[in-house]
Amino acid sequence: MDRFAAITAFARVVEAGSFARAAERMGVSVSAVSRQVAELEAHLNVRLLNRTTRRLSLTESGQAFFDRSVQLLADLEEAETAVTSASIVPRGTLRLTCSATFGSRHLAPSIAAFAARHPQMRFDVELSERFVDLVDEGFDLAVRIVARRVGAARVLCCASPAYLERHGEPREPEELAKHQCLSYEYLPTRNVWTFRDSKGSELGVRIAGPVHSNNGRFLVGLAAQGIGISREPDFISAPDVRAGRLKPILQQFESPPLPIYVVYPSRRHLSAKVRAFADFLAERFATEKWGRA
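Residues numbered from 1 in each chain as written. Predicted model: local features only at pLDDT ≥ 70, side-chain atom pairs only at ≥ 80, totals over all residues. Heavy atoms only, no water.

Undergrad: For this particular structure, what's the right way to read the sheet that holds strand S13 (residues 247–248)?
TA: Here three strands make up an open sheet; going across it, the order is S12-S7-S13 and the pairing antiparallel. On the outer flanks of this sheet lie strand S12 (230–233) and S13, each paired with one strand and no other. Bridging between strand S7 (residues 155–159) and S12 involves four bridges; their strand directions are antiparallel. By the bridge assignment for S12, Val155 is matched with Pro233. (Pairing = 2+ DSSP bridges. Helix = DSSP H or I, 4+ residues; strand = E, 2+ residues; numbered from the N terminus.)

Undergrad: Just checking my understanding: could you explain the packing of aromatic side chains for this structure?
TA: Aromatic ring pairs are reported here in terms of the distance separating the ring centres and the angle at which the planes meet. What the rule picks out here adds up to eight aromatic pairs. Their ring planes at 75° and their centres at 5.0 Å tell us that Phe114 and Phe277 sit as a pair that is edge-to-face. Here Phe114 matches Phe277 in class, with each residue buried. Where Phe277 meets Phe280, the ring centres are 6.4 Å apart and the plane angle is 20°; that geometry is what we call stacked. With Phe277 and Phe280 both in helix H9 (residues 272–286), this residue pair falls three residues apart, about one helical turn. For Phe277, a relative accessible area of 0% translates into the label buried. Counting every residue linked through ring pairs, the aromatic cluster contains Phe114, Phe123, Phe277 and Phe280. The ring of Phe139 has Arg95 lying over it, and the distance from NZ or CZ to the ring centre is 4.3 Å. (Phe/Tyr/Trp six-rings, centres within 6.5 Å; stacked < 30°, edge-to-face > 60°. Buried < 20%, exposed > 50% of the residue type's maximum accessible area, 1.4 Å probe, protein only. Lys NZ or Arg CZ within 6 Å of the ring centre and 35° of its normal.)

Undergrad: Even after reading the chapter, I still don't get unusual backbone geometry, so can you show me in this structure?
TA: Glycine aside, the phi torsion of most residues is negative, and most peptide linkages are trans. With a phi angle near 60°, Asn45 is a residue other than glycine that sits in the positive phi range. Tracing the backbone through its elements, the reader meets Asn45 in the loop between helix H3 (30–44) and strand S1 (49–51). Accessibility expressed as a relative area gives 69% for Asn45, which makes it exposed. One non-glycine residue, Leu250, lies in positive phi territory at about 55°.

Undergrad: So what exactly am I meant to see when it comes to the pattern of salt bridges here?
TA: Oppositely charged side chains are able to pair whenever their charged atoms sit close together. Inspection of every chain in the model, using the stated rule, returns ten salt bridges. Note that Arg95 is salt-bridged to Asp124, the shortest N-O span being 3.3 Å. A residue pair is termed long-range when its members are at least 10 positions apart, and Arg95 in strand S3 (residues 92–98) and Asp124 in strand S4 (residues 121–127) qualify at 29 residues. Note on Arg95: relative accessible area 13%, which makes it buried. For the salt bridge of Lys247 with Glu169, the shortest nitrogen-to-oxygen distance reads 2.9 Å. You can see Lys247 sitting in strand S13 and its partner Glu169 sitting in the loop between helix H6 (161–167) and strand S8 (183–184), a full 78 residues away along the chain. (Salt bridge = Lys/Arg side-chain N within 4 Å of Asp/Glu carboxyl O.)

Undergrad: I would appreciate a short explanation of the state of the cysteines in the present structure.
TA: Disulfides are covalent bonds that link the sulfur atoms of two cysteine residues. Taken as a whole, this structure holds zero disulfides when the rule is applied. No disulfide involves Cys158; its sulfur sits 6.9 Å from the nearest other cysteine sulfur, which is in Cys157. (Disulfide = S-S within 2.5 Å.)

Undergrad: Any chance you could explain the nonpolar core here in plain terms?
TA: Where a protein is soluble and globular, its nonpolar side chains tend to be buried together. Core analysis: the biggest nonpolar cluster contains 32 residues, and Leu107, Val143, Phe277 and Leu281 have the highest contact counts within it. Listing elements by their share of this core, those giving two or more residues are S3, helix H5 (100–117), strand S5 (141–144), S7, helix H7 (216–224), helix H8 (234–242), strand S14 (258–263) and H9. When residues of this core are assigned to their parent elements, the largest contribution, six residues, is made by H9. Ala6, Ala9, Phe66 and Val70 belong to the second largest nonpolar core, which has 20 residues in total. (Core = buried A, V, L, I, M, F, W, Y, C linked by side-chain atoms within 4.5 Å.)

As C-alpha cells, this is what we get:
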C-alpha cells in the first residue's frame, strides 16, 4: 500500500463528503479511492469512516487521524514548494467560500485576474451567506465581511427618492428611530446603527422596520422600491445610487468602515496557492473603490 496516496485519498473523501466527489476531484475512479481508504483502515486496524447510503461521517478515530493528516499533507506541500517552482508559481485547486453578492461582483473578477497570472490554478467556489467550518468542510480560504484583513468597504445609508418624499429626509442619525429601517442579520448589533460625527465621536441609534434579512442585496432592493431605509456596503448599494433608485443620506455622519477579511484554517504553514491568493486579494482590495457611488 502507498500510505501517502491512501492518506491523501482519505483526506480528499472527508473534504469532499463522498467517494464520488473525491474521485472526480482527484481524477481517478471511485473504486480506486474506495480501495485506498479500505487499505488504510486495514493497515491501521481501525474504522475511519462510517458509511451509509446517504452520507459519510468520521468515527472518533477517523476525526483524530484526519486532523493529523491535514497537517501532514500541508507540511508536505510546504516542503515541496520550498524546492520546486510552486513556491513561485501557485498551482492546484483552491477551494474557497464567499458571500453571494460580494463574490459575484468582486471576487469573480479577482479570480479572473489571478487565473490569468497563474494558469495552473483551479478554483472550486461556493457562494453562500452561511458560515462554514473551513476544516470540516475542506475549504482552503474564506472571504468574509465579518484572518487577515485585506480591505474595507464604505457603508451607505440610503433611501429611495419616493420614500424620502413621503417621510422626509432625516438630517440627524437620531431621526432614524422614527423611520422604517431595514435590518441585516449578520451585523454584531443588527438593531443598532452606528455613526461618527465630524469629531470622530460614535453614536448608536436603535432602529426598527418592516423587514429583517440575512441578504444585503435583498434589503437594498427593497429600499429601492421605497419600503424603507437601508444601510449596506457601497459594493451593494452603489449601482442603485448611480441609477438614481437610491439616494445616500446622512453623509456628514460617517458609518464605520466594514472590514473585509480572508480567513483560512489554522495551520503552521500556508500552501503556496493559499498564500499567493491571499496576498493578491490584499493588494487588489487595498485600493478597490467598490464602484463608489
